[in-house]
Amino acid sequence: MVDDTLVENYARGGFMHALAFGRRPALLLVDLVEAYFSEGSPLFGGEGCRQALRGATELLGAARAAAIPVVHTNVAYQPGGRDGGVFMRKLPALAVFEAGRHPEFTGFAPGVAPAPGETVITKQYASAFFGTSLAATLTSSGIDTVLIGGVSTSGCVRATAVDCCQHGFVPVVVRDAVGDRAQGPHEANLFDLQAKYAEVVDLAAAKAYLTNLAGAG
(Lines give C-alpha, C1' and ligand atoms only; values in the text may rest on other atoms or scores of the structure.)
Protein backbone atom coordinates (compact mmCIF):
# COMPACT_ATOMS: atom_id res chain seq x y z
CA MET A 1 0.00 0.00 0.00
CA VAL A 2 1.05 3.62 -0.52
CA ASP A 3 2.20 5.65 2.49
CA ASP A 4 0.38 8.81 3.63
CA THR A 5 3.36 11.04 2.89
CA LEU A 6 3.21 10.20 -0.81
CA VAL A 7 -0.56 10.78 -0.92
CA GLU A 8 -0.11 14.13 0.79
CA ASN A 9 2.65 15.07 -1.66
CA TYR A 10 0.39 14.39 -4.64
CA ALA A 11 -2.56 16.15 -3.03
CA ARG A 12 -0.49 19.30 -2.49
CA GLY A 13 0.33 19.23 -6.20
CA GLY A 14 -3.34 19.26 -7.15
CA PHE A 15 -3.73 15.54 -7.79
CA MET A 16 -6.12 13.08 -6.11
CA HIS A 17 -9.34 15.03 -6.76
CA ALA A 18 -12.49 12.92 -6.58
CA LEU A 19 -14.80 12.31 -9.53
CA ALA A 20 -18.52 12.06 -8.84
CA PHE A 21 -20.12 8.85 -10.04
CA GLY A 22 -22.93 9.20 -12.55
CA ARG A 23 -26.40 7.67 -12.68
CA ARG A 24 -25.94 5.57 -15.85
CA PRO A 25 -23.12 3.08 -15.25
CA ALA A 26 -21.91 0.11 -17.25
CA LEU A 27 -19.56 -2.68 -16.23
CA LEU A 28 -16.50 -3.34 -18.39
CA LEU A 29 -14.57 -6.57 -17.78
CA VAL A 30 -11.18 -6.55 -19.49
CA ASP A 31 -9.67 -9.76 -20.89
CA LEU A 32 -10.89 -12.28 -18.32
CA VAL A 33 -9.81 -15.18 -20.52
CA GLU A 34 -8.02 -18.41 -19.68
CA ALA A 35 -4.62 -17.17 -20.89
CA TYR A 36 -4.20 -15.21 -17.65
CA PHE A 37 -5.43 -17.95 -15.31
CA SER A 38 -3.98 -21.18 -16.77
CA GLU A 39 -0.52 -22.25 -15.62
CA GLY A 40 0.52 -23.48 -19.07
CA SER A 41 0.07 -20.06 -20.62
CA PRO A 42 2.98 -17.61 -20.98
CA LEU A 43 0.59 -14.88 -19.82
CA PHE A 44 -0.36 -16.70 -16.61
CA GLY A 45 -0.60 -14.06 -13.89
CA GLY A 46 -0.52 -16.21 -10.78
CA GLU A 47 -2.46 -15.50 -7.62
CA GLY A 48 -2.72 -11.78 -8.34
CA CYS A 49 -4.84 -12.48 -11.40
CA ARG A 50 -6.77 -15.32 -9.81
CA GLN A 51 -7.72 -13.00 -6.95
CA ALA A 52 -8.95 -10.47 -9.50
CA LEU A 53 -11.06 -13.15 -11.14
CA ARG A 54 -12.79 -13.92 -7.86
CA GLY A 55 -13.54 -10.24 -7.31
CA ALA A 56 -14.66 -9.73 -10.89
CA THR A 57 -17.05 -12.68 -10.62
CA GLU A 58 -18.69 -11.07 -7.59
CA LEU A 59 -18.77 -7.67 -9.30
CA LEU A 60 -20.39 -9.19 -12.38
CA GLY A 61 -23.11 -10.72 -10.21
CA ALA A 62 -23.82 -7.34 -8.65
CA ALA A 63 -23.95 -5.64 -12.06
CA ARG A 64 -26.39 -8.22 -13.38
CA ALA A 65 -28.56 -7.86 -10.29
CA ALA A 66 -28.63 -4.09 -10.86
CA ALA A 67 -29.50 -4.67 -14.55
CA ILE A 68 -26.78 -2.37 -15.88
CA PRO A 69 -25.12 -2.94 -19.26
CA VAL A 70 -22.17 -5.34 -19.22
CA VAL A 71 -19.32 -5.37 -21.73
CA HIS A 72 -16.60 -8.01 -21.94
CA THR A 73 -13.35 -7.81 -23.91
CA ASN A 74 -11.14 -10.47 -25.36
CA VAL A 75 -8.12 -10.46 -27.66
CA ALA A 76 -7.76 -12.12 -31.09
CA TYR A 77 -5.25 -11.93 -33.93
CA GLN A 78 -5.16 -13.32 -37.42
CA PRO A 79 -2.71 -16.19 -38.06
CA GLY A 80 0.79 -14.75 -38.06
CA GLY A 81 -0.22 -11.83 -35.86
CA ARG A 82 0.11 -9.11 -38.46
CA ASP A 83 -2.81 -7.21 -36.94
CA GLY A 84 -0.93 -7.13 -33.63
CA GLY A 85 1.63 -4.74 -35.09
CA VAL A 86 4.30 -3.29 -32.83
CA PHE A 87 2.43 -4.45 -29.71
CA MET A 88 2.99 -8.10 -30.61
CA ARG A 89 6.60 -7.41 -31.54
CA LYS A 90 7.11 -5.93 -28.09
CA LEU A 91 5.17 -8.72 -26.34
CA PRO A 92 5.52 -11.96 -28.35
CA ALA A 93 3.54 -13.90 -25.72
CA LEU A 94 0.42 -12.36 -27.28
CA ALA A 95 0.80 -14.96 -30.01
CA VAL A 96 -1.33 -17.25 -27.82
CA PHE A 97 -4.27 -15.23 -29.18
CA GLU A 98 -3.57 -15.98 -32.85
CA ALA A 99 -6.56 -17.70 -34.42
CA GLY A 100 -6.47 -21.47 -33.93
CA ARG A 101 -3.13 -21.52 -32.16
CA HIS A 102 -4.14 -22.04 -28.51
CA PRO A 103 -7.92 -22.36 -28.23
CA GLU A 104 -7.51 -23.59 -24.66
CA PHE A 105 -6.38 -20.09 -23.64
CA THR A 106 -8.82 -17.89 -25.54
CA GLY A 107 -12.14 -18.74 -23.90
CA PHE A 108 -13.60 -16.75 -21.04
CA ALA A 109 -12.77 -17.98 -17.56
CA PRO A 110 -15.42 -19.85 -15.55
CA GLY A 111 -17.84 -17.55 -13.77
CA VAL A 112 -17.38 -14.56 -16.08
CA ALA A 113 -18.54 -15.83 -19.46
CA PRO A 114 -20.81 -13.37 -21.28
CA ALA A 115 -24.52 -13.92 -20.81
CA PRO A 116 -27.02 -13.49 -23.65
CA GLY A 117 -27.43 -9.82 -24.45
CA GLU A 118 -24.05 -8.79 -23.01
CA THR A 119 -21.62 -7.17 -25.45
CA VAL A 120 -18.26 -8.69 -26.39
CA ILE A 121 -15.58 -6.38 -27.79
CA THR A 122 -12.62 -8.07 -29.49
CA LYS A 123 -9.46 -5.99 -29.42
CA GLN A 124 -5.86 -6.19 -30.64
CA TYR A 125 -4.21 -3.59 -28.42
CA ALA A 126 -4.07 -2.73 -24.74
CA SER A 127 -6.98 -0.30 -24.50
CA ALA A 128 -10.50 -1.62 -24.95
CA PHE A 129 -11.27 1.65 -26.73
CA PHE A 130 -8.48 1.61 -29.31
CA GLY A 131 -9.71 0.52 -32.73
CA THR A 132 -13.04 -0.80 -31.38
CA SER A 133 -16.69 0.24 -31.19
CA LEU A 134 -16.65 0.53 -27.39
CA ALA A 135 -16.97 4.33 -27.12
CA ALA A 136 -19.85 4.39 -29.59
CA THR A 137 -21.59 1.52 -27.78
CA LEU A 138 -21.36 3.29 -24.41
CA THR A 139 -22.36 6.68 -25.81
CA SER A 140 -25.40 5.31 -27.64
CA SER A 141 -26.54 3.71 -24.38
CA GLY A 142 -26.26 6.98 -22.48
CA ILE A 143 -23.52 5.68 -20.19
CA ASP A 144 -21.69 8.20 -18.00
CA THR A 145 -19.72 5.95 -15.63
CA VAL A 146 -17.75 2.76 -16.31
CA LEU A 147 -16.93 0.24 -13.60
CA ILE A 148 -13.75 -1.58 -14.65
CA GLY A 149 -12.48 -5.01 -13.67
CA GLY A 150 -10.03 -7.36 -15.35
CA VAL A 151 -6.36 -7.93 -16.08
CA SER A 152 -3.73 -6.77 -16.00
CA THR A 153 -3.73 -3.68 -13.81
CA SER A 154 -0.52 -2.27 -15.29
CA GLY A 155 -1.42 -3.13 -18.87
CA CYS A 156 -4.86 -3.38 -20.43
CA VAL A 157 -6.76 -2.17 -17.36
CA ARG A 158 -4.64 0.96 -17.07
CA ALA A 159 -4.77 1.71 -20.80
CA THR A 160 -8.53 1.21 -20.81
CA ALA A 161 -9.10 3.42 -17.75
CA VAL A 162 -7.03 6.26 -19.22
CA ASP A 163 -8.90 6.06 -22.54
CA CYS A 164 -12.20 5.88 -20.65
CA CYS A 165 -11.40 9.25 -19.08
CA GLN A 166 -10.27 10.65 -22.43
CA HIS A 167 -13.56 9.60 -24.06
CA GLY A 168 -15.58 11.47 -21.43
CA PHE A 169 -16.72 8.63 -19.16
CA VAL A 170 -15.97 8.47 -15.43
CA PRO A 171 -13.68 5.45 -14.94
CA VAL A 172 -14.17 3.54 -11.69
CA VAL A 173 -11.49 0.89 -11.25
CA VAL A 174 -12.57 -1.75 -8.73
CA ARG A 175 -9.44 -2.65 -6.78
CA ASP A 176 -10.55 -6.17 -5.79
CA ALA A 177 -11.57 -7.00 -9.36
CA VAL A 178 -8.29 -6.14 -11.10
CA GLY A 179 -4.95 -7.88 -10.81
CA ASP A 180 -1.41 -8.27 -12.07
CA ARG A 181 1.42 -10.77 -12.04
CA ALA A 182 3.27 -8.73 -9.37
CA GLN A 183 2.00 -6.61 -6.49
CA GLY A 184 4.38 -3.70 -7.08
CA PRO A 185 3.12 -2.73 -10.56
CA HIS A 186 -0.45 -3.42 -9.42
CA GLU A 187 -0.29 -0.95 -6.53
CA ALA A 188 1.76 1.65 -8.41
CA ASN A 189 -0.74 1.76 -11.27
CA LEU A 190 -3.75 1.94 -8.98
CA PHE A 191 -2.12 4.86 -7.17
CA ASP A 192 -1.39 6.69 -10.43
CA LEU A 193 -4.88 6.06 -11.82
CA GLN A 194 -6.45 7.50 -8.66
CA ALA A 195 -4.10 10.47 -8.77
CA LYS A 196 -4.80 11.49 -12.37
CA TYR A 197 -7.46 9.61 -14.31
CA ALA A 198 -9.96 7.52 -12.36
CA GLU A 199 -11.62 6.63 -9.11
CA VAL A 200 -10.23 3.49 -7.48
CA VAL A 201 -12.68 1.85 -5.09
CA ASP A 202 -12.99 -1.47 -3.32
CA LEU A 203 -15.57 -4.09 -4.19
CA ALA A 204 -17.81 -3.19 -1.24
CA ALA A 205 -18.05 0.43 -2.41
CA ALA A 206 -18.81 -0.61 -5.99
CA LYS A 207 -21.56 -2.96 -4.85
CA ALA A 208 -23.05 -0.30 -2.56
CA TYR A 209 -23.12 2.14 -5.50
CA LEU A 210 -25.00 -0.39 -7.62
CA THR A 211 -27.41 -1.23 -4.82
CA ASN A 212 -28.17 2.44 -4.22
CA LEU A 213 -28.83 2.97 -7.93
CA ALA A 214 -31.21 0.03 -8.02
CA GLY A 215 -33.00 1.34 -4.95
CA ALA A 216 -33.33 4.82 -6.41
CA GLY A 217 -34.81 3.37 -9.60
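Quick notes on the side chain of His186
On the secondary structure map, His186 appears in helix H7 (residues 183-196). Sequence-distant contacts of His186, that is, excluding residues within four places in its chain, are made with Thr153, Arg175, Val178, Gly179 and Asp180.

Concerning the packing of helix H2 (residues 46-66) against helix H8 (residues 203-216)
Between H2 and H8, the shortest axis-to-axis distance is 9 Å and the interhelical angle comes to 10°. Relative to H8, the element H2 lies roughly parallel. Residues Gly55, Glu58, Leu59, Ala62, Ala63 and Ala66 of H2 form the contact with H8, whose own contacting residues are Leu203, Ala206, Lys207 and Leu210. Of the residues in the contact of H2 with H8, the class split is seven nonpolar, one polar and two charged.

What to know about the sheet that holds strand E1 (residues 25-30)
The parallel open sheet is built from six strands, whose spatial order is E3-E2-E1-E4-E5-E6. The open sheet is flanked by strand E3 (119-123) and strand E6 (199-201), the only strands paired with a single partner. In this sheet, adjacent strand axes meet at a mean angle of 25° when their direction is disregarded. Direction of pairing for strand E4 (residues 145-151) relative to strand E5 (residues 170-179): parallel, over a ladder of six bridges. Considered in E5, the bridge of Thr145 is made with Val170.

Description of the layout of surface pockets
Think of a ball as big as a water molecule: rolled over the atoms, this probe shows where empty space is left. Estimated volume of the largest pocket: approximately 280 Å³. As for the largest pocket, its lining consists of 21 residues, of which Tyr36, Leu43, Leu91, Ser152 and Gly155 are closest to the centre. Considering every element that reaches the lining of the largest pocket, the biggest residue donor is helix H6 (residues 153-166), with three residues. The class makeup of the residues in the lining of the largest pocket is twelve nonpolar, five polar and four charged.

As for unusual backbone geometry
A cis amide bond links Val151 to the next residue, Ser152, at an omega of -15°. Here Ser152 lies in the loop between E4 and H6. Even without a glycine there, the phi angle at Met16 is positive, about 75°. With respect to the helices and strands, Met16 occurs in the loop between helix H1 (4-12) and E1. In this structure, Ala67 is a non-glycine residue whose phi angle is positive, near 60°. Relative to the helices and strands, Ala67 is located in the loop between H2 and strand E2 (70-75). Since its relative accessible area comes to 66%, Ala67 is described here as exposed.

Concerning the packing of aromatic side chains
Taken as a whole and assessed by the stated rule, the structure comprises seven aromatic pairs. For the ring pair Tyr10 and Phe15, a centre distance of 5.3 Å and an interplane angle of 55° mean the geometry is tilted. Residue class for Tyr10 comes out partly exposed when judged on its relative accessible area of 22%. Of the residues examined, Phe15 reaches a relative accessible area of 33% and is grouped as partly exposed. Seen from their ring centres, Phe87 and Tyr125 are 6.0 Å apart, and the 20° between their planes marks the pair as stacked. Placement of Phe87 in helix H3 (residues 85-90) and of Tyr125 in the loop between E3 and helix H5 (134-140) is noted, with a sequence separation of 38 residues between them.

Conventions used here
- Residues numbered from 1 in each chain as written.
- Predicted model: local features only at pLDDT ≥ 70, side-chain atom pairs only at ≥ 80, totals over all residues.
- Heavy atoms only, no water.
- Helix = DSSP H or I, 4+ residues; strand = E, 2+ residues; numbered from the N terminus.
- Contact = heavy atoms within 4.5 Å.
- Axes fitted to C-alpha atoms, helices over the stretch in contact; angles between N-to-C directions.
- Parallel < 35°, antiparallel > 145°, perpendicular 65-115°, else oblique.
- Nonpolar A, V, L, I, M, F, W, Y, C, P; charged D, E, K, R; others polar.
- Pairing = 2+ DSSP bridges.
- 1 Å grid on protein atoms, 1.4 Å probe; cavity = no way out; pocket = protein on both sides within 12 Å on 5 of 7 lines; lining within 4 Å.
- Points joined across faces, edges and corners; volume = space filled by probe spheres on them.
- Buried < 20%, exposed > 50% of the residue type's maximum accessible area, 1.4 Å probe, protein only.
- Phe/Tyr/Trp six-rings, centres within 6.5 Å; stacked < 30°, edge-to-face > 60°.

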